[in-house]
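Topology and contacts: notes
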Amino acid sequence: AQKITQTQPGMFVQEKEAVTLDCTYDTSDQSYGLFWYKQPSSGEMIFLIYQGSYDEQNATEGRYSLNFQKARKSANLVISASQLGDSAMYFCAMRVEAGGTSYGKLTFGQGTILTVHP
Amino acid sequence: DTGVSQDPRHKITKRGQNVTFRCDPISEHNRLYWYRQTLGQGPEFLTYFQNEAQLEKSRLLSDRFSAERPKGSFSTLEIQRTEQGDSAMYLCASSTGTSERWADTQYFGPGTRLTVL
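All of these numbers come straight from a predicted model, not from anything done at the bench.

**A few points about the overall build of chain A**
Scanning chain A from N- to C-terminus turns up 0 helices and 12 strands. Listing every helix and strand of chain A by position from the N terminus yields β-β-β-β-β-β-β-β-β-β-β-β. Over its C-alpha atoms chain A spans a radius of gyration of 14 Å, differing by no more than 12% from the 13 Å that the globule rule assigns to 118 residues. Taken over the C-alpha atoms alone, chain A extends approximately 50 × 30 × 20 Å along its principal axes. Scored against the burial criterion, the 118 residues of chain A give a buried share of 48%. Pairs at least 24 apart in sequence give 56% of the contacts found in chain A among residues at least 6 apart. About 5,500 Å² of surface is accessible on chain A, with carbon and sulfur atoms providing 48% of the total. Separation between the mean location of the 9 positive side-chain charges and that of the 11 negative ones in chain A comes to 4 Å.

And the structure:
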């Protein structure tokens, strides 16, 4: 079974500063993907960034980067130059493939509420 | 830009009534997923379609829940004899299915918020 743990219920950051949101995962599968989503108060889940288990480089997408430490089973999201619009709930999620069977589901963590102060 | 759409956005119903939600995936996405999200929690997987075939169902999907994707395009999720515990946000997502399966990014719709009185 897969598990995602986000230990920070809430985080605060000053506008224009960087912030790191923690995510650890647990799986026995060798092939897996790690995803981060943003959920504003409107409710829609917005895809931010993806990291594959075989990727040697950390993923980056604009102001978002993923600090992937495979041995520690961590996939922290780094947001640089925070903006007021970054205030939202952030979810870390994982998808695995095992034994050739397609597992469709994403397993999500509990989420971290990020508040950006002006 | 035609993202994932869901209808209705909000539904209020009385306990015991049946409700049906619709999801229209991104065009040409052959994989479709349903999730349920309760307040303060991450989404939980309900079921997964590849084209019209329902390939995976969570144990959360009790006998009162049924999902279809009859022509491999839009999908419906029906809840019969609703209970107050069914109150949640129901999220639909779709993906292309063309990349390696663990890398297949799911794109979500705005969700349907169900309130059972």
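**As for the sheet that holds strand 8 (residues 75–79) of chain B**
All names here are of chain B. Read across the sheet, 4 strands follow the order 1-3-8-7 without closing on themselves; strand pairing throughout is antiparallel. Bordering the open sheet on either side are strand 1 (5–7) and strand 7 (65–68), each of which pairs with just one other strand. When the angles between neighbouring strand axes are averaged without regard to direction, this sheet yields 15 degrees. Across 4 bridges, strand 7 lies against strand 8 in antiparallel orientation. Each residue of the ladder has a partner; that of F65, found in strand 8, is I79.

**Notes on the packing of aromatic side chains**
A full pass over the atoms with the stated rule returns 14 aromatic pairs over all chains. Seen from their ring centres, F47 of chain A and Y107 of chain B are 5.9 Å apart, and the 75 degrees between their planes marks the pair as edge-to-face. On the criterion of chain membership, the pair formed by F47 of chain A in strand 6 (residues 46–52) and Y107 of chain B in strand 10 (residues 107–108) is interchain, its members lying in two chains. Put simply, the rings of F35, Y37, F47, Y50, F91 and F108 of chain A together with Y35, F45, Y107 and F108 of chain B pair up and form one aromatic cluster. Note that R63 of chain A overlies the ring of Y64 of chain A, its terminal NZ or CZ placed 5.7 Å from the centroid. The lysine or arginine in question, R22 of chain B, covers the ring of F74 of chain B, its NZ or CZ lying 3.9 Å from the ring centre.

**Some details on the state of the cysteines**
Residue and element names in this part refer to chain A. Overall, the coordinates contain 2 disulfides over all chains when judged by the stated rule. C23 shares a disulfide with C92; S-S distance 2.0 Å. Disulfide C23 to C92: torsion about the S-S bond roughly -60 degrees, handedness left-handed. Placement of C23 in the loop between strand 3 (19–21) and strand 4 (24–26) and of C92 in strand 10 (residues 88–96) is noted, with a sequence separation of 69 residues between them. Comparing C23 with C92, the two get one shared label, buried.

Cut-offs and rules
Residues numbered from 1 in each chain as written. Chains lettered and ligands numbered in written order. Predicted model: local features only at pLDDT ≥ 70, side-chain atom pairs only at ≥ 80, totals over all residues. Heavy atoms only, no water. Helix = DSSP H or I, 4+ residues; strand = E, 2+ residues; numbered from the N terminus. Rg over C-alpha atoms; globule rule 2.2 N^0.38 Å. Buried < 20%, exposed > 50% of the residue type's maximum accessible area, 1.4 Å probe, protein only. Contact = heavy atoms within 4.5 Å. Areas by Shrake-Rupley, 256 points an atom, 1.4 Å probe, with all protein chains shown as cover. Lys, Arg positive; Asp, Glu negative; His and termini not counted. Charge placed at Lys NZ, Arg CZ, Asp CG, Glu CD. Pairing = 2+ DSSP bridges. Axes fitted to C-alpha atoms, helices over the stretch in contact; angles between N-to-C directions. Phe/Tyr/Trp six-rings, centres within 6.5 Å; stacked < 30°, edge-to-face > 60°. Lys NZ or Arg CZ within 6 Å of the ring centre and 35° of its normal. Disulfide = S-S within 2.5 Å.

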